[in-house]
Amino acid sequence: MSVNPTPRDRVLAALDHVEPDRVPFDIGSCGPTAIHERAYRSLLEHLGMREEVRLWDTVGQLAQPSETMLELLGADVRGIRVGGPSNPYPPPGPRLLRDQWGAVWSMPESATCYSLVEYPLRNAATSRDLERYAWPDGTDPNRVTGLADRARALHEARRYAVLAEISGHILERAQMIRGFDLFLEDLIDRPAFAEELLDRILAVECAITATFLDAVGPWIDIFAFKDDLGTQAGPLISPAMFRRIFKPRMRKLIDVVRSRTRAKIWFHSCGSAYYAIPDLIDLGIDILNPVQVTARHMDPARLKSEFGAHLSFWGAVDTQRVLPFGTPTDVEAEVRLRISQLARGGGYICASVHNIEADVPGANLWALSRAVQLQGAAASAHRTFM
């Protein structure tokens, strides 16, 4: 690394399994590291700052941090997200949204974000039903309006690592438009129907990916996509089913990525994804997010020991217990623990386990940021002393 590394230098070194001057930090670059608008307002209040709070994601009520805030927090990554189609569905009613796939989301007065309430293919039964369905247009140029210029500008500035994000859901998307319970039944009872549904979803996601990367591919450092493969207690589907049905489809999506960019590939799966990690490595995944440390078999020290030579880890700071319910001192201890487990030899970007929810106090967000900076200062002092 250079004597005065930039945030981008720091991230790329870590992803090349070299220890940087300090562990890189990501907050706000993408959905899984985003901040709920209530938590963001709490952070502003804690810091005595005023700024207009804008949402970049309505469903999750996720705030777009200002550049001033990102610099203050020491964030090393900047994000670019694929856009939506040019003809979005109008809201079907008060406090309701219909997404581009036709699913309906609701946010009652007491809620902090939107939740799925209507699955558009719930009553589908035949190939003809799937054929008649209004599938999103993955090639819609509105998805990338202005993104090439932003990606190029960030790349040419060479200050921050650039992460480009799509959804990429295949398994989860099928559940979102069919029903979480019903699609799992389809995989067992109606396998031909289930696989046709997956193939149609895959075709859309491949088209979105190609459209996005044709615009930004040369200018990005990390390409991020997602699909939840686990629950808190274990696999969502059997390892055999994952390898037979989902792995080949993920490979097709990854082939589209590899044909359009040299960026590292970042994959997000909530829950207990341990069972799938060897297959993810075989697929060419470079980075695993979010490292849900409270899920079964997701002990960070074990993951580092078994897979650290092949994977980088992005996340691991607990959002279920420590960030919302701990003290700033607890947060600092959590950061120290995760760095001790995952950062040796590089291969770790510190971030929250999934997006920071509404009940996280601003003081804890500030403690998260400061703890990463202090670890870097301590490491630099140690190297100077040595």
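About the thresholds
Residues numbered from 1 in each chain as written. Predicted model: local features only at pLDDT ≥ 70, side-chain atom pairs only at ≥ 80, totals over all residues. Heavy atoms only, no water. Phe/Tyr/Trp six-rings, centres within 6.5 Å; stacked < 30°, edge-to-face > 60°. Helix = DSSP H or I, 4+ residues; strand = E, 2+ residues; numbered from the N terminus. Buried < 20%, exposed > 50% of the residue type's maximum accessible area, 1.4 Å probe, protein only. Core = buried A, V, L, I, M, F, W, Y, C linked by side-chain atoms within 4.5 Å. Contact = heavy atoms within 4.5 Å. Pairing = 2+ DSSP bridges. Axes fitted to C-alpha atoms, helices over the stretch in contact; angles between N-to-C directions.

Some details on the packing of aromatic side chains
Item 1. Following the criterion strictly, the structure yields eight aromatic pairs and no others.
Item 2. Here tyrosine 133 and tryptophan 135 contribute two aromatic rings whose centre-to-centre distance is 4.8 Å and whose plane-to-plane angle is 80 degrees, an arrangement assigned as edge-to-face.
Item 3. Residues phenylalanine 242 and tyrosine 275 carry aromatic rings whose centres are separated by 6.1 Å and whose planes lie at 80 degrees to one another, so their mutual orientation is edge-to-face. Taken as a pair, phenylalanine 242 in helix 9 (residues 239-258) and tyrosine 275 in the loop between strand 10 (264-268) and helix 10 (277-283) lie far apart in primary sequence, 33 residues in all. Take phenylalanine 242 and tyrosine 275: they sit in the same class, and that class is buried.
Item 4. Taken together, Trp101, Tyr133 and Trp135 form an aromatic cluster joined through their ring pairs.

Overview of the nonpolar core
Generally speaking, a soluble globular protein has its nonpolar side chains buried in company with each other.
Item 1. Counting 99 residues, the largest nonpolar core has Trp135, Phe225, Phe246 and Tyr348 as the members making the most contacts within it.
Item 2. A total of 14 residues in this core trace back to one element, the largest contributor, which is helix 8 (residues 191-216).
Item 3. Apart from residues no more than four positions distant in its own chain, phenylalanine 246 is found in contact with Leu171, Phe183, Leu187, Leu198, Ile237 and Met241.
Item 4. Leu15, Cys30, Ala224 and Trp266 belong to the second largest nonpolar core, which has 14 residues in total.

What about the sheet that holds strand 5 (residues 96-98)?
Backbone-to-backbone hydrogen bonds join strands into a sheet, with any given pair of strands oriented parallel or antiparallel.
Item 1. Taken in spatial order, the three strands make up an open sheet running 5-6-7, and their pairing is antiparallel. The strands lining the two open edges of the sheet, one partner per strand, are strand 5 and strand 7 (115-118). Direction aside, the axes of adjacent strands within the sheet are offset by 40 degrees on average.
Item 2. Where strand 6 (residues 104-106) and strand 7 come together, three bridges link them in antiparallel fashion. Considered in strand 7, the bridge of serine 106 is made with serine 115.

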